[in-house]
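Here are the chains, one letter per residue:
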Amino acid sequence: STREDGGDGQDGHEDRVWDVKWSPTGAVLASSSGDQTVRLWTREARDWVCLSTLEGPQKGTIRSLSWGREGNYLAAASFDSTTCVWEKGPSGFECFATLEGHENEVKGVAFSASGDYIATWFADEEEFDCAAILAEHSQDVKAVAWHPTRDLLASCSYDNTIRFYRADPDNADWICCDTLSDNQSTVWKICFNADGSRLAAVGDDRTLRVYQAFPPGNPQGAALPAHSSIYAPCLRNTLHSAINRLVCSDFAGIVTPSASDDKWKCIATITGQHTRPIYSVDWDPETNILATAGGDNIVRLFRETAVQPDTNTPSYELIGQFQAHDQDLNGLAWAPNQPDLQHRLLATCADDGLHVGNHKS
Amino acid sequence: MALENAAPRVYGKVQERVTLDNDFDDDVIDPFDSREIFDLVRHINDPEHPLTLEELNVVRLDQILVDDAQNYVRVQFTPTIPHCSMASLIGLCLRVRLLRALPPRFKVDVEIFPGTHATEASINKQLADKERVAAALENPNLKTVVNECLQLDDKYLD
């Protein structure tokens, strides 16, 4: 069920592919699947070949992947409620640690830029248990993303919101420092741009939104949030359990608190393009082109155009769209370190497999 | 446990589909139609009663929309009572049945028929969440329940 440029797909996943992530150098592509494996791919001449298949410790769909520490670690989050950290060794990747502690499916995982933290997120319990549905609103988190330079974490959820968290130096704890409620339905994916000044979000409402961070005292006059003391108990426990386990495993974490909190504001809303839910978004670090994809099988590329002087906000134009798959696209990722600005390498994964293709920017 | 709806009204069943000579001609392309979708879902067992979704009027032929050219199927269903706690499970069974039976080119929406359930929006949101559906099917207990509902009674087998 796998298609690569020129590849014959014989080493492809045997089930839906949920996530794709490039190693920091762009040399290796990792993919994760409902077949309970992670596969590592590399280019040989024109073909993409499967270097190795990581399997064993996890007995459920592997939903999400994150590379850490210059590509020496790969974290994999599974519906079996564990997160497995793979470590690069002399003879390939070995299971380095299995993070437990979640009671339910782990749906997202992300290494922080410093490599000191792993954030994972999980589902609320018993989602199709009818009694639970009548009892209370469910709030599973769909994805997490770390700021590229700071220890600022963003998460997006089934509860239609995006939240930001940072360490609170006064309490040696984590606090929710901003909440965005522009979305009409589940927010499936969030992604920071290269310098961390913007965040893109996509979701069930078939809309791409771009947020910008406005620092305190900004001339645009965005209101600043009062320092929130709302704790996120799930997150706190999760982070602590992850940190504890990682500290035990020689990842000494140092909290770098933000001097002050930015206020994130929606500066662009792009609707009317995707006809089904949007499941993934990624920002090309070199060209700033946004790629989005989801349930309508189509990848769309957007580029920022001139900033409007009256509102000080940019607009985005659709610069390309193509059908890379015949079924739902679950994830996509621009390859890093691609010096050719005219031809950009994009990996996509879908219910029908995996694809790597070149796109003119 | 007491049943929420102990004595549901039981409805009649449709006649079997009339087969035409064309149906057996491999050179004729038969697009999917709503009757074909209905035949896929009408024998699903109700989780509570020893009756099918057709007999309980939970699924109805006229509440199925099929656009073969656009690869689209929408099945709406009507819980027997507006507070039916089994509505999510019934919806999950419908979704799984169609997932297993239809070619993957189809986009499928399974929804509560508008105005027939107290928490319609929240159930529709759950049923549209592919990640939750996938995770539910990796839950052994839930998978067993769904498979039991989807198990065909002997009388429907050839």
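Residues numbered from 1 in each chain as written. Chains lettered and ligands numbered in written order. Predicted model: local features only at pLDDT ≥ 70, side-chain atom pairs only at ≥ 80, totals over all residues. Heavy atoms only, no water.

1. Concerning the overall build of chain B
When you go through chain B residue by residue, the secondary structure sums to 5 helices and 3 strands. Start at the N end of chain B and walk to the C end: the helices and strands fall as α-β-β-α-β-α-α-α. Buried residues in chain B amount to 47% of all 158 residues. Nonlocal contacts in chain B, meaning residues at least 24 apart in sequence, comprise 65% of its contacts between residues at least 6 apart. As presented, chain B carries roughly 8400 Å² of accessible surface, and 51% of it is formed by carbon and sulfur atoms. (Helix = DSSP H or I, 4+ residues; strand = E, 2+ residues; numbered from the N terminus. Buried < 20%, exposed > 50% of the residue type's maximum accessible area, 1.4 Å probe, protein only. Contact = heavy atoms within 4.5 Å. Areas by Shrake-Rupley, 256 points an atom, 1.4 Å probe, with all protein chains shown as cover.)

2. What to know about the sheet that holds strand 25 (residues 353-360) of chain A
Residue and element names in this part refer to chain A. Reading across the sheet, the 3 strands line up as 23-24-25 and stay open at both edges, with antiparallel pairing between neighbours. Both edges of this open sheet fall to strand 23 (329-334) and strand 25, since each of them pairs with a single strand only. Mean inter-strand twist for the sheet, computed between neighbouring axes without regard to direction, equals 25°. In this sheet, strand 24 (residues 343-350) lies alongside strand 23 in antiparallel orientation, the contact comprising 5 bridges. Across the sheet, Gly331 pairs through a bridge with Cys349, a residue of strand 24. (Pairing = 2+ DSSP bridges. Axes fitted to C-alpha atoms, helices over the stretch in contact; angles between N-to-C directions.)

3. Overview of the packing of aromatic side chains
Aromatic ring pairs are defined here through the distance separating the ring centres and the angle between the ring planes. Tallying each qualifying case throughout the model produces 7 aromatic pairs over all chains. Here the aromatic rings of A:Trp67 and A:Phe93 are separated by 5.9 Å at their centres, their planes lie at 75°, and the arrangement is edge-to-face. Placement of the pair is A:Trp67 in strand 5 (residues 62-68) and A:Phe93 in strand 8 (residues 92-99), with a sequence separation of 26 residues. By relative accessible area, which is 16% here, A:Phe93 ends up buried. The ring of A:Phe214 carries A:Lys265 above its face, with NZ or CZ at 5.7 Å from the centroid. In this structure, B:Arg132 packs its charged tip against the face of A:Tyr158, placed 3.7 Å from the ring centre. (Phe/Tyr/Trp six-rings, centres within 6.5 Å; stacked < 30°, edge-to-face > 60°. Lys NZ or Arg CZ within 6 Å of the ring centre and 35° of its normal.)

4. Side note on helix 5 (residues 140-150) of chain B
All names here are of chain B. Here helix 5 has its buried residues at Leu142, Val146, Cys149 and Leu150. Seen from one end, helix 5 has its buried residues packed into an arc of 95°, which puts them on one side. Set apart from the buried face of helix 5 by more than 90 degrees, the exposed residues are Pro140 and Asn141. In this fold, the buried residues of helix 5 make contact with helix 2 (87-101) and helix 4 (130-136). Two or three places before Asn141, at the start of helix 5, stands the capping residue Asn139, its side-chain oxygen 3.0 Å from that residue's backbone nitrogen. (Arc of directions from axis to C-beta. Polar contact = N/O pair within 3.5 Å; in protein donor to acceptor, adjacent residues only side chain to side chain.)

5. Focus: the interface of chain B and chain A
Contacts between the two partners involve 26 residues from chain B, matched on the other side by 30 residues from chain A. When the buried area of chain B at its contact with chain A is split by residue, B:Lys130, B:Glu131 and B:Arg132 rank highest and sum to 32% of it. Across the pair A:Arg276 and B:Asp109 runs a salt bridge, and its minimum N-O distance is 3.0 Å. By residue number, the principal contributor to the side of chain B that touches chain A is helix 4 of chain B, which donates 7 residues. When its residues are assigned to classes, the side of chain B that touches chain A shows 13 nonpolar, 5 polar and 8 charged. (Buried area = accessible area lost by both parts, 1.4 Å probe. Salt bridge = Lys/Arg side-chain N within 4 Å of Asp/Glu carboxyl O. Nonpolar A, V, L, I, M, F, W, Y, C, P; charged D, E, K, R; others polar.)

Without other data, these values stay purely geometric and don't point to any function.
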